[in-house]
Amino acid sequence: IALFQGGKIEVNTQTLQVSVEKAPSAAAPNYEIPIAAYRVSDDDGGRPCSIGADGVRQWVDEANRIYAAAGIQFTYDGDLTELHDTEVNNLTGESDPWWPSARDRLNSIAAARRSVVVVFRFGPGTSSIGGGFSWWTYDFVAMSFFDPNALRVLPHELGHHFGLAHTHGRAFKTVRDAVDYVLSGQPIQNLDGDLTWVDDTPPDPYILALHDVTSVDAVQVAGQALSLSRKNIMSYWIHGGMGQLTHGQIDRVRQLVLE
């Protein structure tokens with residue numbers, strides 16, 4: 001591998017295959033990926049999601065800060081299309097009875113728009129919910145109302161969309177619960193949620209009691225010091241505007257983008 005200021009040239013000495021890769025930057029990304037944003041309400045227009053184009057823009061800007069390291073820039077044209085669809089508005093995940101029909105409709109929109117579709121839904125139920133979900137087996141990201149204190153949510157869900165799992169394999173209420181789990185004979189590796197796909201994120205014992213205790217960066221679990229992946233965008237920890245990806249996660253995302 002020969003490294004240059006603007007990228008690298010790599011030669012496989014066995015196959016003699018040559019590849020040239022431009023070094024990405026926020027100003028000159030390797031890949032631009034359009035996002036099509038939809039504000040969801042019910043079939044009759046009821047329960048509209050509380051979000052505007054400015055909120056979408058803030059979420060996309062934070063995603064671009066994080067994914068610039070992967071040479072990826074998400075583009076958003078400022079349009080927020082209305083989508084009247086009660087099933088989509090009530091989506092919680094693949095266990096929903098209406099999942100196949102809602103998934104197929106959203107996948108069709110994504111194919112027509114040639115974009116990642118991000119749907120901002122109100123439901124389920126009579127009160128608006130937070131959070132979101134996605135996975136790399138479908139072509140959309142489900143989000144909720146805009147929360148300026150949760151800018152990490154869209155980058156996190158885009159990570160799922162492009163092949164990333166959670167850093168934690170299990171969640172615990174307390175440190176004692178995590179210790180008891182390991183002492184019961186369970187391997188430490190079970191705490192590494194993305195071990196199958198990423199090899200440089202350590203076991204991450206997500207502990208709810210420490211969620212807001214930002215002064216704690218590691219815990220002792222059965223005699224082993226385990227670091228908390230507080231800055232990793234695919235963890236459940238509060239990132240404080242410092243969310244980032246590891247090199248292994250970047251490689252995984254770029255692989256899924258190419259596929």
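Here the structure is a predicted model, which means the values were calculated and not measured.

A. Just the pattern of salt bridges, in detail. Enumeration according to the criterion identifies eight salt bridges in this entry. In this structure, D85 and R105 form a salt bridge, with 2.8 Å as the shortest nitrogen-oxygen distance. In this pair, D85 sits in the loop between β5 (72–84) and α2 (86–89) while R105 sits in helix α3 (residues 99–113), placing the two residues 20 residues apart along the sequence. Bridged by salt links that share partners, the residues D85, E87 and R105 form one connected network.

B. Structural view of the packing of helix α1 (residues 53–67) against helix α4 (residues 153–161). Between α1 and α4, the least distance of the axes is 8 Å, while the angle of their chain directions is 60 degrees. In terms of orientation, α1 and α4 fall into the oblique class. The interaxial crossing formed by α1 with α4 has right-handed handedness. Residues W59, V60, E62, A63, I66 and Y67 of α1 pack against V153, L154, P155, L158 and G159 of α4. Of the residues belonging to the contact of α1 with α4, the class tally is nine nonpolar, one polar and one charged.

C. Main features of the sheet that holds strand β1 (residues 2–4). Here we have three strands laid out as an open sheet, ordered β1-β2-β3, and antiparallel in their pairing. Unpaired on one side and paired on the other, β1 and β3 (18–22) mark the two borders of the sheet. Strand-to-strand twist in this sheet, taken as the mean axis angle between neighbours without regard to direction, amounts to 15 degrees.

D. Molecular detail of α3. End to end, α3 covers 21 Å across 15 residues, agreeing with the expected 21 Å (1.5 Å per residue, within 8%). Of all the residues in α3, the buried ones are W99, A102, L106, N107 and A110. Down the axis of α3, the buried set is contained in an arc of 130 degrees. They therefore lie on one face. Away from the buried face of α3 by more than 90 degrees, exposed residues A111 and A112 are located. Just downstream of α3, R114 is the residue with a positive phi angle, here 50 degrees.

E. Examining α1 more closely. Relative to the 21 Å expected for 15 residues at 1.5 Å per residue, α1 spans 21 Å between its end C-alpha atoms, a close match to the ideal helical length. Among all positions of α1, only G55, V56, W59, V60, E62, A63, N64, I66 and Y67 are buried. The secondary structure elements touched by the buried residues of α1 are β4 (31–41), β5, β6 (116–120), β7 (140–143), α4 and α6 (247–258).

F. Molecular detail of the environment of M143. By the element assignment, M143 lies in strand β7. The contacts of M143, once residues within four sequence positions are left out, are W59, V118, V119, F120, R121, G131, G132, V153, L154 and E157.

G. Quick peek at a nonpolar patch on the surface. Together, F4, I9, V11, V18 and V20 line one region of the surface with nonpolar side chains, adding up to about 470 Å² of accessible area. Secondary-structure assignment places I9 in strand β2 (residues 7–11).

H. Just the sheet that holds β4, in detail. The strand order across the open sheet formed by four strands is β5-β4-β6-β7, and the pairing between neighbours is parallel. The sheet is open, and its two borders are formed by β5 and β7, each paired with just one other strand. Here the average twist between neighbouring strands, direction ignored, is 20 degrees. Lying on the sheet, α4 is in contact with β4, β5, β6 and β7; it crosses β7 at an angle near 150 degrees.

I. Up close: the environment of I1. When you line up the elements, I1 lands in the segment before β1. I1 sits in the exposed class, given a relative accessible area of 68%. Distance from I1 to V11, taken between C-alpha atoms, is 6.4 Å for residues 10 residues apart in sequence. For I1, the residues in contact, after removing those within four places along its chain, are K8, I9 and E10.

Cut-off values and rules
Residues numbered from 1 in each chain as written. Predicted model: local features only at pLDDT ≥ 70, side-chain atom pairs only at ≥ 80, totals over all residues. Heavy atoms only, no water. Salt bridge = Lys/Arg side-chain N within 4 Å of Asp/Glu carboxyl O. Helix = DSSP H or I, 4+ residues; strand = E, 2+ residues; numbered from the N terminus. Axes fitted to C-alpha atoms, helices over the stretch in contact; angles between N-to-C directions. Parallel < 35°, antiparallel > 145°, perpendicular 65-115°, else oblique. Left-handed = near helix turned anticlockwise from the far one by under 90°. Contact = heavy atoms within 4.5 Å. Nonpolar A, V, L, I, M, F, W, Y, C, P; charged D, E, K, R; others polar. Pairing = 2+ DSSP bridges. Expected span 1.5 Å × (residues − 1). Buried < 20%, exposed > 50% of the residue type's maximum accessible area, 1.4 Å probe, protein only. Arc of directions from axis to C-beta. Patch = residues over 30% accessible without salt bridge, like charges linked within 9 Å, V, L, I, M, F, W, Y side chains within 5 Å. Areas by Shrake-Rupley, 256 points an atom, 1.4 Å probe, with all protein chains shown as cover.

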